[in-house]
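Residue strings, one per chain:
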Amino acid sequence: MLHFRSWARIQTRQYLAVKLGCETWQLKMGVSAAMAMDAKDIEHMILAAIPGALVRVDDLRGDGEHYAATVESASFAGKTRVQQHQMVYKALQGKMGDQLHALALQTVVPKSL
């Protein structure tokens, strides 16, 4: 259940974001305007850490902060879903929760294995 203070804080931030414009709001909140990541950057980071993977990254809202990624790799074979996700999060080098706000992640082992 969402407490009133949390709800009020969210509503205030949403109001400021609309009223001031997103970039101005980020500066007033002390957040870097260059906070968002590009989908290609995410893809390159995953490919660098998991060579040979098939990676698809979609920007869900068009805001550079909410993404969905599907990663298919033979290196996931024999690993639990948690271990697979840990591999991908490790590839993001600590950017999750900072420059990358949200990532809906799906990992897949190739069917040929």
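What this report covers is the structure whose coordinates are included nearby. Only a predicted model underlies this, so the values are computations on that prediction, with no experimental measurement involved. (Residues numbered from 1 in each chain as written. Predicted model: local features only at pLDDT ≥ 70, side-chain atom pairs only at ≥ 80, totals over all residues. Heavy atoms only, no water.)

### A short note on the nonpolar core
One recurring pattern in soluble globular proteins: nonpolar side chains tend to sit buried together. Of all hydrophobic cores here, the largest spans 18 residues; its most connected members are I42, I46 and V71. With four residues, the top contributor of residues to this core is helix α3 (residues 39-49). Beyond its immediate chain neighbours, meaning those up to four positions away, V71 contacts I46, A53, L54, V55, F76, V88, L105, Q106, T107 and V108. (Core = buried A, V, L, I, M, F, W, Y, C linked by side-chain atoms within 4.5 Å. Buried < 20%, exposed > 50% of the residue type's maximum accessible area, 1.4 Å probe, protein only. Helix = DSSP H or I, 4+ residues; strand = E, 2+ residues; numbered from the N terminus. Contact = heavy atoms within 4.5 Å.)

### Observations regarding helix α4 (residues 81-91)
Inspection of α4 places Q84, H85, V88 and A91 among the buried residues, and these make up the whole buried set. All buried residues of α4 project into a common sector of 115° when viewed along the axis, lining one side. Every exposed residue of α4 that faces more than 90 degrees away from the buried side is listed here: V82 and K90. Next to the buried residues of α4 lie α3, β2 (66-72) and β3 (102-108). The positive-phi residue at the C-terminal boundary of α4 is Q93, with phi of around 50°. (Arc of directions from axis to C-beta.)

### Observations regarding α3
Here α3 has its buried residues at A39, I42, E43, M45 and I46. The arc enclosing the buried residues of α3, seen along the axis, measures out at 165°, which places them on a common side. In this structure, the buried residues of α3 make contact with β1 (54-59), β2 and α4. The N-capping residue of α3, defined by a side-chain oxygen 3.2 Å from the backbone nitrogen of K40, is D38. (Polar contact = N/O pair within 3.5 Å; in protein donor to acceptor, adjacent residues only side chain to side chain.)

### Describing the side chain of H66
Relative to the elements of secondary structure, H66 occurs in strand β2. Here the side chain of H66 touches D63 through a polar contact of 2.7 Å, side chain to side chain. Once residues lying within four places of it in the same chain are set aside, the contact partners of H66 are D58, D59, L60, R61, H101 and A102.

### Thoughts on the sheet that holds β2
Sheet strands pair by backbone hydrogen bonding; their relative direction is either parallel or antiparallel. Ordered by their spatial adjacency, three strands build an open sheet running β1-β2-β3, and the pairing between neighbours is mixed. One side of each edge strand has no neighbouring strand; the edge strands of this open sheet are β1 and β3. In this sheet, adjacent strand axes meet at a mean angle of 15° when their direction is disregarded. Judged from the six bridges that link them, β1 and β2 form a sheet pairing that is antiparallel. Paired with D59 across the strands is Y67, a residue of β2. Where α3 meets the sheet, it contacts β1 and β2, and its direction lies at approximately 155° from that of β1. The strands touched by α4 within the sheet are β2 and β3, with β3 carrying the most contacts at an inclination of about 125°. (Pairing = 2+ DSSP bridges. Axes fitted to C-alpha atoms, helices over the stretch in contact; angles between N-to-C directions.)

### Comments concerning the pattern of salt bridges
Tallying each qualifying case throughout the model produces two salt bridges. For the salt bridge of R56 with D58, the shortest nitrogen-to-oxygen distance reads 3.0 Å. The exposure class of D58 is partly exposed, given its relative accessible area of 29%. (Salt bridge = Lys/Arg side-chain N within 4 Å of Asp/Glu carboxyl O.)

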